[in-house]
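Chain and residue survey
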Amino acid sequence: MSNKKEYEISGMHCASCALIIEKKLQKIPGVSKANVNFAIEKASVEYDKTKVDDNKIIEAVKDGGYGATLISEKTHDHNSISKEIEIKKERNLFVLSLVLSLPILVLSMVLKNMSLESRMVQAFLATIVQFYIGFRFYRGAYYALKDRTANMDSLITIGTSAAFFYSLATTFIIEGDVFFETSSLLITFVILGKWLEARAKGRAGQAIQKLMGLRAKTACVLKDGQEVNVPIDEVVVNDVIIVRPGEKVPVDGEVVSGHSSVDESMVSGESIPKEKNIGDLVIGATINKTGSFKFKTTKVGKDTMLSQIIKIVEEAQGQKAPIQKFADRVSSIFVPVVIVIAIITFIVWYFIIGATFVAALMVFTAVLVIACPCALGLATPTAIIVGTGKGAEHGILIKGGEALEIANKIKVVVFDKTGTITKGEPEVTDFMSYGVSDNDLLSLVASLENVSEHPLAESIVKYAKNKKIKIIEPTNFKSLSGHGVEGKINNRLIFVGTDKLMSQNNIDIGSEVKSKKYQLEGEGKTVMLIAVENKLTGLVAVADTIKDTSIEAIKKLKDLGIRTIMITGDNKKTAEAIAQKVGVDEVMAEVLPEDKAKKIKELQSNGLSVAMAGDGINDAPALAQSDLGIAMGGGTDIAIETGGVVLIKNDLRDVAKSIRLSKQTMNKIKQNMFWALFYNSIGIPIAASGLLRAEFAGLAMAFSSVSVVLNSILLKRKKL
């Protein structure tokens, strides 16, 4: 039995730490997949629960020198508080380290007091910094060594220990200069970097915190005729809840009395309040504006739309983009390579150049501490955190880094017509009969279509009912996918559908009907022919209204240089008329539902990256076949939608926004990657050349990782 759970990880200091934990988890028998994200400090583990349990996973993490806590619905608030505590802890450690390090700096660098008393004071203060504040680095280095690997802790431990223990030796055993300020300031600057990094990561993940903060705390439930305020956790399905003006809707449900307008912007990004009447759905965490109403709860807890959005965003932020694999490969060998470079640097300076032992030692230390695997480890995940969070704020749910990366490469977007480009609410525009009365023929057609599930069938039945036409139960009903329907009513064989259906049954259409059909299709209407007892007796034309946003949405995609295609089961004439109105580049008409996926495959065979936008249910095979499935929302079951992107607002313009967001995010990732690689490529040679003091090398290392996070946060300012 496969199971997937997430764990909060503590004690990670760099990307190498995440890789160490990942490898330990993957070695557990029964674990099929493990993904550890350094930026959000979480591990996602898939395992066989007959072989593995939570305790085994937590113990494996602890064995590596890190902490792990199972994440549940109730731990979100606790995790938020723990992150705030962590930021304060880092700040306090930095302040303490600075207070202890400044006297060392003043004694050694300003007063240049090298008396035994001065050295002993420096040694005392530096010892506190080295082994109390810097204990975490020794601990991390020990567990890395235990696993026969190395991480950032290893670099800091070796570098600071070299300066500290040499200074300790020159204080009490041998003659020489002391460098307590180097080891102390190094640790101080690294702690400063960790504090700023924790703050920046908190800002990067603000979107998810905002979503969590939207949850209502209580609900006014109607129990035995009495209004009772209860905690949100105690609300159950089928409770009747009262919502007054200005109050939050606590959970998802259906209005049973009253009416109002509700602001849903915090969930969908839609700024205009929506009118709510009896039978309408309301979403938890939205704000009631004017009227009062009662609603019956349909979804509570983890099943509500807000909880599903939070889950999707959290999972997306925890997944790795394919581009992250490159960073992981570099990080896996980075620390050992840096240690080798530092040793070679020492050998060159001391044995070849002939520098003093102290000079060679300081250059050795500078090389170790300037190297920053953190910047590389944060380059991708921080950008994904900000990008997916920004998408969620605009009603665009991107299900992970892979979907973001693919969206950036999309060259073609294929749209389903019904319900995507059009409203999906077709209406009968023309009804014509030949040789029989309109009402008699409409009764036969509506009776047959009454048992069909096609959207066009619903429009014909609705049209007949509005005219008070009698509906009769048909027999021998058959739905002929992509062609129409057939059945018997009062033992009379009826066909309703395409001209192909007519020709297959040897029914002559006639030039007059052909001409009328051609005219109606030229107006963008879908025409269905009607035959009774193998004789053509009429036609019915149905038109679907184009969405107000469709024309603008297609234009925005064209501005991005993306080719647009409309795919439909309609005949070519009707499809082309609609395509011309909205401005799509190409039409695929008369495509059966089961053949849509084949058409996507044909486009892909030409080397094109294809996105498919559809309703996520009828178009599931095509969405799954496409490189990127974009499911148009419109319901509260967003978690079950097929596709890498879900558009909550059901607004076609968000297709272009999602692609633009992916391009912006990928640009940030590339910028971060370049900076991380450029920094290390330049920084290490500068340190090796002796141009940079070790403590300033440590400061540069601290700010390199912070700069990557801050650059990712700038993504928030970009317009979609």
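Residues numbered from 1 in each chain as written. Predicted model: local features only at pLDDT ≥ 70, side-chain atom pairs only at ≥ 80, totals over all residues. Heavy atoms only, no water.

Worth spelling out the cut-off: UniProt positions are given in the numbering used here, feature names are shortened, and annotations may be inferred rather than shown by experiment.
Identification of the protein chain as P-type Cu(+) transporter is taken from an unreviewed UniProt entry. Word for word, the UniProt comment on the protein chain under Sequence similarities (unreviewed entry) is "Belongs to the cation transport ATPase (P-type) (TC 3.A.3) family. Type IB subfamily." Looking at the protein chain in UniProt, the text filed under Subcellular location (unreviewed entry) is "Cell membrane".

1. Some points on empty space enclosed by the protein
The condition that has to hold: Within this scheme a cavity is a closed region of a 1 Å grid, computed over the protein atoms alone, that accommodates a 1.4 Å probe without allowing it to escape, whereas a pocket is open but has protein on both sides within 12 Å along at least five of seven lines; lining residues each have an atom within 4 Å of a point. Grid points are joined across faces, edges and corners, and a volume is the space filled by probe spheres set on the points. Each helix is a run of DSSP H or I of at least 4 residues and each strand a run of E of at least 2, with the numbering of both proceeding from the N terminus. Any residue outside Ala, Val, Leu, Ile, Met, Phe, Trp, Tyr, Cys, Pro, Asp, Glu, Lys and Arg is labelled polar, Gly included; the first ten of those are nonpolar and the last four are charged.
A full pass over the atoms with the stated rule returns three cavities of 30 Å³ or more. Here the largest cavity is characterised by a volume of approximately 100 Å³. Around the largest cavity sit 15 residues that line it, and Val36, Phe38, Lys320, Gln324 and Pro381 are the ones nearest its centre. Counting only elements with at least two residues in the lining of the largest cavity, the list comes to α1 (15-26), β2 (31-37), α11 (324-353) and α13 (373-393). Per-element accounting of the lining of the largest cavity gives the leading share, four residues, to α13. Taken together, the residues that form the lining of the largest cavity break down as eight nonpolar, five polar and two charged.

2. Structural notes on the sheet that holds strand β9 (residues 260-263)
Applicable threshold: Strand pairing is defined by DSSP finding a minimum of two bridges between the two strands.
Read from one edge of the open sheet, three strands run β10-β9-β12, paired in antiparallel fashion. Looking at strand neighbours, the two that pair on one side only are β10 (274-276) and β12 (287-288), the edges of this open sheet. Across three bridges, the pairing between β9 and β10 is antiparallel. Bridged to serine 260 within β10 is lysine 276.

3. Quick word on the domain arrangement of the protein chain
In plain terms, the rule: The split into domains, and so the bounds of each, comes from an automatic or database assignment of domains.
Taken as a whole, the protein chain is organised into domain 1 (2-72), domain 2 (81-209 + 313-384 + 666-717), domain 3 (218-306), domain 4 (396-421 + 547-648) and domain 5 (425-545). Taken over C-alpha atoms, the centre of domain 1 sits 38 Å from the centre of domain 3.

4. Comments concerning the pairing of strand β15 (residues 412-416)
Each regular strand displays side chains that alternate between the two surfaces of the sheet. Quick note on the threshold: Accessible area is worked out with a 1.4 Å probe on protein chains only. A residue is then buried under 20% of its type maximum, exposed over 50%, and partly exposed in between.
Burial analysis of β15 places five of its five residues in the buried class, which makes it a mostly covered element. The two faces of β15 match: Val412, Val414 and Asp416 on one face and Val413 and Phe415 on the other face are all buried. In this structure, β15 lies alongside strand β22 (residues 563-567), joined through five bridges in parallel fashion. Paired with phenylalanine 415 across the two strands is methionine 566, which belongs to β22.

5. A few points about the sheet that holds strand β26 (residues 645-647)
Stated formally: To get an axis, fit a line to the C-alpha atoms, keeping to the stretch in contact for a helix; angles then go from 0 to 180 degrees between the N-to-C directions.
Taken in spatial order, the seven strands of this open sheet run β14-β26-β25-β24-β15-β22-β23, and their pairing is mixed. Two strands close off the open sheet at either side, each with one partner strand: β14 (396-398) and β23 (586-588). Strand-to-strand twist across the sheet, computed as the mean angle between neighbouring axes with direction ignored, equals 20°. Across three bridges, the pairing between β14 and β26 is antiparallel. Counted as the bridge partner of isoleucine 396 is leucine 647 from β26.

6. Focus on unusual backbone geometry
The phi torsion of most residues other than glycine is negative, and most of the peptide bonds are trans. For asparagine 490, which is not glycine, the phi torsion reads 55° and is therefore positive. Taking relative accessible area as the criterion, asparagine 490 reaches 58% and is therefore assigned exposed. Positioned with a positive phi, glutamate 590 is a non-glycine residue whose angle comes to about 55°. As for its position among the elements, glutamate 590 is in the loop between β23 and α22 (596-605). Judged by relative accessible area, glutamate 590 falls into the partly exposed class, the value being 41%.

7. Things to note about the packing of aromatic side chains
Put simply, the rule is: Side-chain rings of Phe, Tyr and Trp (the six-membered ring for Trp) are treated as a pair once their centres are within 6.5 Å; stacked means planes under 30 degrees apart, edge-to-face means over 60, and tilted covers the remaining angles.
Per the counting criterion, the structure on display carries 18 aromatic pairs. When the ring of phenylalanine 94 is compared with that of tryptophan 195, the centres are 5.9 Å apart and the planes differ by 25°; the resulting orientation is stacked. Of this pair, phenylalanine 94 sits in helix α3 (residues 76-110) while tryptophan 195 sits in helix α7 (residues 180-204), placing them 101 residues apart in sequence. The same class applies to phenylalanine 94 as to tryptophan 195, namely buried. A centroid spacing of 5.0 Å and a plane angle of 80° characterise the contact between tyrosine 350 and phenylalanine 351, whose relative ring orientation is edge-to-face. What makes tyrosine 350 partly exposed here is its relative accessible area of 32%. Site record: aromatic cluster; members linked through ring pairs are Tyr166, Phe179, Phe346, Tyr350, Phe351, Phe357 and Phe364.

8. Here's the deal with a positive patch on the surface
For the record, the criterion: Patch definition: residues with relative accessible area over 30% and no salt bridge; like charges joined within 9 Å; nonpolar side chains (Val, Leu, Ile, Met, Phe, Trp, Tyr) joined within 5 Å. Throughout, the Shrake-Rupley method with a 1.4 Å probe supplies accessible areas, and for residues the shown protein chains are the sole cover considered. Within this document, salt bridges are pairs made up of a side-chain nitrogen of Lys or Arg and a carboxyl oxygen of Asp or Glu, the two lying within 4 Å of each other. Counting rule applied: Lys, Arg positive; Asp, Glu negative; His and chain ends not counted. Charge positions are represented by NZ for Lys, CZ for Arg, CG for Asp and CD for Glu.
A contiguous patch of positive charge, built from Arg199, Arg203, Lys716 and Arg717, is present on the exposed surface. Considering the arrangement of structural elements, one finds lysine 716 in the segment after α25 (694-713). Lysine 716 gets classed as partly exposed once you look at its relative accessible area, which sits at 35%.

9. Observations concerning the UniProt feature "domain: HMA" (unreviewed entry) in the protein chain
In the numbering used here, UniProt assigns the "domain: HMA" (unreviewed entry) feature to residues 3-69. With 33% helix and 37% strand, residues 3-69 has end C-alpha atoms that lie 17 Å from one another.

10. A short note on the pattern of salt bridges
Tallied over the entire structure, the rule returns 28 salt bridges. In this structure, aspartate 147 engages lysine 24 in a salt bridge whose closest nitrogen and oxygen atoms are separated by 3.3 Å. You can see aspartate 147 sitting in the loop between α5 (135-146) and α6 (152-172) and its partner lysine 24 sitting in helix α1, a full 123 residues away along the chain. The exposure class of aspartate 147 is partly exposed, given its relative accessible area of 28%. With its nearest N and O atoms 3.7 Å apart, the salt bridge here joins lysine 302 to aspartate 303. Judged by relative accessible area, aspartate 303 falls into the partly exposed class, the value being 39%. Residues joined by salt bridges that share partners form a network here, namely Lys24, Asp63, Lys146 and Asp147.

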